[in-house]
Amino acid sequence: YNGTCLAKKGEGARAVPLAGHVGFDSMPDQLVNKSVNHGFCFNILCVGETGLGKSTLMDTLFNTKFEGEPTQHNQPGVQLKSNTYELQESNVRLKLTVVNTVGFGDQINKEDSYKSIVEFIDTQFEAYLQEELKIKRTLHSYHDTRIHACLYFIAPTGHSLKSLDLVTMKKLDSKVNIIPIIAKSDAISKSELTKFKIKITSELVSNGVQIYQFPTDDETVAEINSTMNGHLPFAVVGSTEEVKIGNKMVKARQYPWGTVQVENENHCDFVKLREMLIRVNMEDLREQTHTRHYELYRRCKLEEMGFKDTDPDCKPFSLQETYEAKRNEFMGDLQKKEEEMRQMFVQRVKEKEAELKEAEKELHEKFDRLKKLHQDEKKKLEDKKKSLDDELNGFKQKKTAAELLQSQAQQAGGSTTLKRDKERKK
Amino acid sequence: MIERPESAVASIAQRNLEGYVGFANLPNQVYRKSVKRGFEFTLMVVGESGLGKSTLINSLFLTDLYSKDYPGPSLRIKKTVQVEQSKVLVKEGGVQLTLTIVDTPGFGDAVDNSNCWQPVINYIDSKCEDFLNAESRVNRRLMPDNRVHCCLYFIAPSGHGLKPLDIEFMKRLHDKVNVIPLIAKADTLTPEECQLFKKQIMKEIQEHKIQIYEFPDTEDDEDSKLIRKIKERMPLAVVGSNVVIEVNGKKVRGRQYPWGVAEVENGEHCDFTVLRNMLIRTHMQDLKDVTNNVHYENYRSRKLAAVTCNGGVDTSKTKNQMTRSPLAQMEEERREHVMKMKKMETEMEQVFEMKVKEKKQKLKDSEAELERRHEQMKKNLEAQYKELEEKKRHHDEEKSNWEAQQRILEQQKLDASKTMEKNKKKGKIF
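Being a predicted model, the structure only gives us computed values, none of them experimental. (Residues numbered from 1 in each chain as written. Chains lettered and ligands numbered in written order. Predicted model: local features only at pLDDT ≥ 70, side-chain atom pairs only at ≥ 80, totals over all residues. Heavy atoms only, no water.)

Attention now moves to the overall build of chain B. Helices and strands together make up the secondary structure of chain B, namely ten helices and ten strands. Counting over 430 residues, chain B shows a buried share of 45%. (Helix = DSSP H or I, 4+ residues; strand = E, 2+ residues; numbered from the N terminus. Buried < 20%, exposed > 50% of the residue type's maximum accessible area, 1.4 Å probe, protein only.)

Next up, the structure:
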């Protein structure tokens, strides 16, 4: 069964000669007409430090003035600003989106700089994936926001790549077509430039950074593309100001020592960039984004969610079954979580109840003890009371006895006195 | 009317170019790449035996698709309706086309033709299924497009109207594939008969609400005129032949009769040229696009809706689910569940806290009560103690007073007796 899936076009089909002109050679034209009617769409991401002339280059490339104020250097983090424009050249309509990294390279700690860029790229992939997976989808009219080309602006130091550059490009090379360019290259002399380009290329290679290679598989453009591949990274100069050279107005930057002409191939690689990026390989950049970078993202995302092709071979893969299985697993998972939480609560309740019961017991014990103590005290008091009462009684008795004696003695004494008196009277 | 998807109209900033940019070359890039890729097209022919289907295919593509080595279905005897495909590779002007012709031998040939369309439907669906599966894989590789892009339905030239089988078939397939009805062997009808026949057929098609393939509107005036002309001639009446005959010194393809030659490519004899131009030269791409954007999408959404909605759920929810991908649906459900869990947790937590507070309060209260009681008892006891102390002290005082008194009395007594003794001694006592 392997044959069907890996089939090249035409395999399993026998070639037959035609006895005349059938007319299907108009197919490419039919396709082109439809594309032109539908309009094209292209999304560029410009990554580079503030002040490297990203916006100016875009304006120069597309011969128009795009939005934007020059950014300050005090951005707290890297943000991505995107603007979409409708352009038309002859009968071709292009929906161009230019995304700029604002604040890239300005922070003291740049460790997380690449993160917002990666996130942005992934978000666009995600949006497309979501659309693709919808039940009712409208892919035909979907506005594709996936980044087709990433122009990486290298600062014209003349020495080598900055570590931020290497780190960032390494993180981006599996997600987007990277085209590195040397910005503001009018600050570098020709000899320095050659050395610079060699250094950059070797650093990219030694760090395993995959930059976009212009395709050489189509004979019509193979030659020009392979030549251009050798000129990477392109050293560019951007300018929207025009200077009169001879009797023509050309885009240039005027210095006291001379004028740098943007479209002069001896002065910089601007024309090469425009040729490669727009005139020759725009469609290929889009294709690569869709068939390579997007597919990689999609594959990773689906695998992350637990989807996999049921068979390593091309055995028919039932999407429905997988969805259902996934869904059941998912629901089971949720239920389990719910149950776990309930159990946890039941446990806590039990524990707390035991705790409180324990506290209650202790309290009762405490008070039982106190009660006992109290009882003891009471008894002691009672005893004391009793002994006092006894004493009181004893005393009372003594007192009454003594008083009785006294009164008796008095009586006797009185009688004695009386006797005496009686005696006297005799 | 089959809905065609509208292109998204966004309100985006317009910019004018002030010079050469180069993206006007994009169409050429697309052209180049498409030629490199090559094209594919699947054409299905349906109709009773003997209506000249194979001949027509051969005429259309100027080739012997069915030859001695690869005999056409008509030469094979079929008991039941089969669906067979033949794949050929044709090249022209640097453009490569992989053409798949799908034949349905046995269609309508039996005595009882009920459900003879079923194998056809099954075939179309299975190709959509294959594509859906290939598209849904995690690892997607080359996805060959074997979906049926066009179905030519051959109507027998009875001159009267559509047969019940014709109506039944077209009704069942018009929402699955692009159906183009053709009047076969049109050289058996005179132009007037043909006109009437066409009118009758179109009337019946409209009556039964059959949606045959519609040509897209174009902005181009030239094209619009052409399209209107084609529409007026529907359904196309065709004659097929690959036999070359000489007519007036010209070599033409046609059918030789004793009374003349019916030329295939003569617009006044039949609509073959119209069909060929439309099918191959101008609308092949559109047929593929409609198949992909409309018929396939319908199939896909029906198939996936059956899975994720588990049928029979209330319609408002399903509608919502339809606009979301199943993955997003699960994500949404997961999020909802997380919220639900959180809510449940907070609720349970609240109840728990409340109950604990209650119990603790109770405990506190009873502790306070016991404490209070204990305090009171203690106080009581203390009071009694004090009372006792007081009593004792009082008693002690009394006692010591009395004792003191007694001592005085004793002393007095002693003194008195002492004095008496003295007096006795003195003789005062007798």
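Attention shifts here to the overall build of chain A. For chain A, the helix and strand inventory stands at ten helices and ten strands. Its C-alpha atoms give chain A a radius of gyration of 50 Å, clearly above 22 Å, the size a compact globule of 426 residues would have. At a minimum sequence separation of 6, the contacts of chain A that also span at least 24 residues come to 68%. Carbon and sulfur atoms make up 50% of the accessible area of chain A, which totals about 23,300 Å². Across chain A, the centroid of the 67 positively charged side chains sits 12 Å from that of the 67 negatively charged ones. (Rg over C-alpha atoms; globule rule 2.2 N^0.38 Å. Contact = heavy atoms within 4.5 Å. Areas by Shrake-Rupley, 256 points an atom, 1.4 Å probe, with all protein chains shown as cover. Lys, Arg positive; Asp, Glu negative; His and termini not counted. Charge placed at Lys NZ, Arg CZ, Asp CG, Glu CD.)

With that out of the way, let us pick up the domain arrangement of chain A. Examined at the domain level, chain A breaks down into domain 1 (38-239 + 268-305) and domain 2 (319-394). Here the C-alpha centroids of domain 1 of chain A and domain 2 of chain A sit 68 Å apart. (Domains from an automatic or database assignment.)

All names here are of chain A. Of note, Thr-101 is situated in strand β4 (residues 92-102). Among the residues examined, Thr-101 registers a relative accessible area of 3% and is labelled buried. Here the side chain of Thr-101 touches Cys-46 through a polar contact of 3.2 Å, landing on its backbone oxygen. Within the local environment of Thr-101, its side chain forms a polar contact with the backbone nitrogen of Gly-48, the two atoms lying 3.4 Å apart. Apart from the residues within four sequence positions on either side, Thr-101 is in contact with Leu-45, Cys-46, Val-47, Gly-48, Lys-54, Val-78, Gln-79, Leu-80 and Ile-117. (Polar contact = N/O pair within 3.5 Å; in protein donor to acceptor, adjacent residues only side chain to side chain.)

A side chain with one charge may pair with a side chain of the opposite charge, provided their charged atoms come close. Throughout the structure, instances matching the rule amount to 53 salt bridges over all chains. The salt bridge partner of B:Asp289 is A:Lys34, with a shortest N-O separation of 3.4 Å. One end of the pair, B:Asp289, is in helix α8 (residues 284-308); the other, A:Lys34, is in helix α2 (residues 27-38), on a second chain. Note that B:Glu397 is salt-bridged to B:Arg393, the shortest N-O span being 3.5 Å. You can see B:Glu397 and its partner B:Arg393 sitting in helix α10 (residues 326-426), four residues apart, about one turn around the helix. Under the relative-accessibility criterion, B:Glu397 is labelled partly exposed at 44%. (Salt bridge = Lys/Arg side-chain N within 4 Å of Asp/Glu carboxyl O.)

Attention now goes to the UniProt feature "domain: Septin-type G" (unreviewed entry) in chain A. Mapped onto this numbering, the UniProt entry annotates "domain: Septin-type G" (unreviewed entry) at residues 38-304 of chain A. Between the first and last C-alpha atoms of residues 38-304 of chain A the distance is 35 Å; the span itself is 38% helix and 22% strand. (UniProt positions renumbered as here; feature names shortened; annotations may be inferred.)

Moving on to the packing of aromatic side chains. Note on aromatic pairs: each is described by the distance of the centres and the angle between the planes. Residues and elements named next belong to chain A. All chains considered together, the criterion is met by 17 aromatic pairs over all chains. Pairing Tyr-255 with Trp-257 gives two aromatic rings, centres 5.0 Å apart and planes at 10 degrees, and the pair type is stacked. Sitting over the ring of Tyr-128, Arg-146 keeps its end group 3.6 Å from the ring centre. A cation over a ring is seen here: Arg-146 above Tyr-294, with NZ or CZ 4.8 Å from the ring centre. (Phe/Tyr/Trp six-rings, centres within 6.5 Å; stacked < 30°, edge-to-face > 60°. Lys NZ or Arg CZ within 6 Å of the ring centre and 35° of its normal.)

In this section: helix α9 (residues 282-304) of chain A. Residue and element names in this part refer to chain A. The end-to-end C-alpha distance of α9, which contains 23 residues, comes to 32 Å, matching closely the 33 Å that a straight helix rising 1.5 Å per residue would cover. The largest bend in α9 amounts to roughly 35 degrees and is located at Tyr-294. Note on α9: the residue one or two positions beyond its end, Gly-306, has a positive phi of about 95 degrees. (Expected span 1.5 Å × (residues − 1). Bend = angle between axes of the 7 residues up to and from the residue.)

This paragraph deals with the packing of helix α3 (residues 54-61) of chain A against helix α8 (residues 270-280) of chain A. Residue and element names in this part refer to chain A. In contact at an axis separation of 11 Å, α3 and α8 are set at 70 degrees when each is read in the N-to-C sense. As far as their axial angle goes, α8 and α3 are roughly perpendicular. Touching Leu-57, Thr-60 and Leu-61 of α3 are Phe-270, Leu-273, Arg-274, Leu-277 and Ile-278, all from α8. Along the lines of polarity and charge, the residues of the contact of α3 with α8 split into six nonpolar, one polar and one charged. (Axes fitted to C-alpha atoms, helices over the stretch in contact; angles between N-to-C directions. Parallel < 35°, antiparallel > 145°, perpendicular 65-115°, else oblique. Nonpolar A, V, L, I, M, F, W, Y, C, P; charged D, E, K, R; others polar.)

The next subject is the environment of A:His290. All names here are of chain A. Within the secondary structure layout, His-290 lies in helix α9. By relative accessible area, His-290 is classed as partly exposed at 29%. With 165 residues separating them in the primary sequence, His-290 and Phe-125 have C-alpha atoms 9.5 Å apart. Only 3.0 Å separates the side chain of His-290 from the side chain of Arg-146, close enough to count as a polar contact.

Here we take up the interface of chain B and chain A. If you look at the interface, chain B gives 129 residues, while chain A gives 135 residues. In total, about 13,200 Å² of surface goes out of reach between chain B and chain A, with carbon and sulfur atoms giving 62% of it. Seen at the junction of chain B and chain A, the total is 15 salt bridges. For B:Arg37, the salt bridge goes to A:Glu287, with nearest N and O atoms at 3.5 Å. Applying the counting rule to chain B against chain A returns 51 residue pairs in polar contact (both at pLDDT 80 or more). Of all the elements, α10(B) adds the most residues to the side of chain B that touches chain A, at 42 residues. A breakdown of the residues in the side of chain B that touches chain A according to their chemical character gives 55 nonpolar, 30 polar and 44 charged. Of the pairings in the sheet, the one linking strand β3 (residues 79-89) of chain A to strand β1 (residues 13-14) of chain B comprises two bridges and is parallel in character. The partner of A:Tyr85 across the bridge, within β1(B), is B:Ala13. (Buried area = accessible area lost by both parts, 1.4 Å probe. Pairing = 2+ DSSP bridges.)

Moving on to the sheet that holds strand β2 (residues 39-46) of chain B. With mixed pairing, seven strands are arranged side by side in an open sheet as β1(A)-β3(B)-β4(B)-β2(B)-β5(B)-β6(B)-β7(B). Two strands bound the open sheet, and with one partner strand each, they are β1 (14-15) of chain A together with β7 (236-237) of chain B. In the packing of helix α2 (residues 53-61) of chain B onto the sheet, the strands contacted are β2, β4 (95-103), β5 (150-155) and β6 (179-183) of chain B, and the crossing angle to β2(B) comes to about 155 degrees. Across the sheet, helix α5 (residues 191-207) of chain B touches β5, β6 and β7 of chain B, and the angle it forms with β6(B) is around 150 degrees.

With that settled, the discussion passes to a negative patch on the surface. Together, A:Glu358, A:Glu362, A:Glu365 and A:Asp368 make up a region of like negative charge exposed at the surface. On the secondary structure map, A:Glu365 appears in helix α10 (residues 319-425). (Patch = residues over 30% accessible without salt bridge, like charges linked within 9 Å, V, L, I, M, F, W, Y side chains within 5 Å.)

Glancing now at the packing of α9(A) against helix α1 (residues 26-37) of chain B. Taken N-terminus to C-terminus, the directions of α9(A) and α1(B) make an angle of 55 degrees; their axes are 8 Å apart at the nearest point. Compared by their axis directions, α9(A) and α1(B) come out oblique. Seen from α9(A), the contacting residues are A:Met282, A:Glu283, A:Asp284 and A:Glu287; seen from α1(B), they are B:Leu26, B:Gln29, B:Val30, B:Lys33 and B:Arg37. When the residues that make up the contact of α9(A) with α1(B) are grouped by side-chain class, the tally is three nonpolar, one polar and five charged.

Here we take up the environment of A:Phe66. Turning to its location among the elements, A:Phe66 is positioned in the loop between α3 and β3. Accessibility expressed as a relative area gives 7% for A:Phe66, which makes it buried. Excluding residues that lie within four positions of it along the chain, A:Phe66 makes contacts with A:Met58, A:Asp59, A:Tyr85, A:Leu96, A:Val98 and B:Arg15.

Once that is clear, we can look at the sheet that holds strand β9 (residues 250-257) of chain B. Residues and elements named next belong to chain B. Strand order in the open sheet formed by three strands is β8-β9-β10, and the pairing between neighbours is antiparallel. In this open sheet, the two edge strands, each paired with only one partner strand, are β8 (244-247) and β10 (260-263). This sheet shows a mean twist of 70 degrees between the axes of neighbouring strands, independent of strand direction. Both β8 and β9 contribute to a ladder of four bridges, which runs antiparallel. Each bridged residue has a counterpart across the sheet, and for Ile-245 the counterpart in β9 is Val-252.

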